[in-house]
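Residue-level structural notes
Chain residues, written in single-letter form:
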Amino acid sequence: MNLHELLRAVESFDAVDRPAERIAQRIRRVLDGSVVDDLLRGSWLGHPVHPLLVTVPIGSWVSAAALDALSGQRTASRRLVALGLGAAVPTIVTGYTDFSTLEDAPQRRVGAVHAVSNAIGVICMATSYRARHARHDRAGTMWTLIGLGAVGVGGALGGHLSYAQGGGVYRWQRPSESVDLAAELEDIGAKR
C-alpha cells in the first residue's frame, strides 16, 4: 500500500463522524456570521489563514531538531520548541475554524484525523519542552523527534485534505475566467 492509498483510506474512517460533526456544529454556533469567524477563516485575505500559520510551529520545531544535532545549542532548541508551542495556539484555532465549515464527510474525516495527529504532535512538543526545561536534553530531543513524526502525519493529511480533496478550495474566489478547469483536469488525468 502506497502513501496515497493510506491517505485515501482515512476518507472512509467513519468512526469519527459523530464526534467530528458535534465539534463542527459547536464551533459554527459560536462563530457563524461573526467578525471573528471572518478573521479566523481569512475572508479578509481571500485565502485561509491556517495554512499560512502552520509554517511557524513546523519551522520552529524542525529548526529545534536541527540545532539538537549541534553542540552548545540546547538553549536555542528549547526556545524554538517554546516558540512553536506558542504559535500552535492560533494555528489550532484557525484550523478548527476551517474544519467547522467542511460539509463533505470524507473531508471532515480526514480533517478530524489531521487534528488528532497534530494534537499528539503538540503534546509531544510540550513534553519535549518540559524535559528540556528540566535539563533532560536527550529526552527533550527524543520527544521533539516523535512530535515531528506526528506533525508530519498531520501535515500529510492536511495536504491530502487541501490538494487531493479540495477542502476549502475556491471558498472566496472563483477560478479565473481564462482557466478552463475541465480541460486542465482532463490534461492532468491524461498525464497519469
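Residues numbered from 1 in each chain as written. Predicted model: local features only at pLDDT ≥ 70, side-chain atom pairs only at ≥ 80, totals over all residues. Heavy atoms only, no water.

The name given to the chain in an unreviewed UniProt entry is DUF2231 domain-containing protein, with Rhodococcus pyridinivorans as the source organism.

Side note on the confidence of the model for the chain
We count it as follows: A residue's pLDDT is the predictor's confidence in that residue, given on a scale from 0 to 100. What counts as a helix is a DSSP run of H or I of at least four residues, what counts as a strand is a run of E of at least two, and both are numbered from the N terminus.
Put simply, the chain has an average pLDDT of 91, and 89% of its residues get 70 or more. Ranking the elements of the chain by mean pLDDT puts helix H9 (residues 181-191) last, at 63, and helix H5 (residues 55-68) first, at 98.

A closer look at the packing of helix H6 (residues 74-99) against helix H7 (residues 105-133)
Two measures define how a pair of helices packs: the angle their axes make with one another and the distance between the axes. Here is the rule we go by: Here an axis means a line fitted to C-alpha atoms, over the contact stretch when the element is a helix, while the angle between two N-to-C directions is reported on a 0 to 180 degree scale. In this scheme, roughly parallel covers angles under 35 degrees and roughly antiparallel covers those over 145, while 65 to 115 is roughly perpendicular and the rest are oblique. Here a crossing is called left-handed whenever its near helix is offset anticlockwise from the far helix by less than a right angle, and right-handed whenever the offset is clockwise. Between two residues, a contact is recorded if the distance between any of their heavy atoms is within 4.5 Å.
H7 packs onto H6 with a crossing angle of 160 degrees between their chain directions and a minimal axis gap of 10 Å. Taken together, the axis directions place H6 and H7 in an arrangement best described as roughly antiparallel. Where H6 crosses over H7, the handedness of that crossing is left-handed. Between H6 and H7, the residues in contact are Ser77, Arg78, Val81, Ala82, Leu85, Ala88, Ile92, Tyr96 and Phe99 and Arg108, Gly111, Ala112, Ala115, Val122, Met125, Ala126, Ser128, Tyr129, Arg132 and His133, respectively.

A look at the packing of H7 against helix H8 (residues 137-164)
Cut-off, in case you're wondering: For this classification, the nonpolar set comprises Ala, Val, Leu, Ile, Met, Phe, Trp, Tyr, Cys and Pro, the charged set comprises Asp, Glu, Lys and Arg, and every other residue, Gly included, is treated as polar.
In the contact formed by H7 and H8, the axes pass within 7 Å of each other and the chain directions differ by 165 degrees. Comparing the axis directions of H7 and H8 gives the class roughly antiparallel. The way H7 lies across H8 gives a crossing that is left-handed. Here the residues of the contact of H7 with H8 are counted per class, giving 15 nonpolar, 16 polar and 2 charged.

A look at H6
Note the cut-off: To estimate how far a helix should reach, multiply one less than its number of residues by 1.5 Å. At any given residue, the bend is defined as the angle formed between two axes, one fitted to the seven residues that end at that position and one fitted to the seven that begin there.
Helix length check: H6 (26 residues) gives 36 Å between terminal C-alpha atoms against 38 Å at 1.5 Å per residue, within 8%. The largest bend in H6 is about 30 degrees, located at alanine 88, with the proline proline 90 one to four residues further on.

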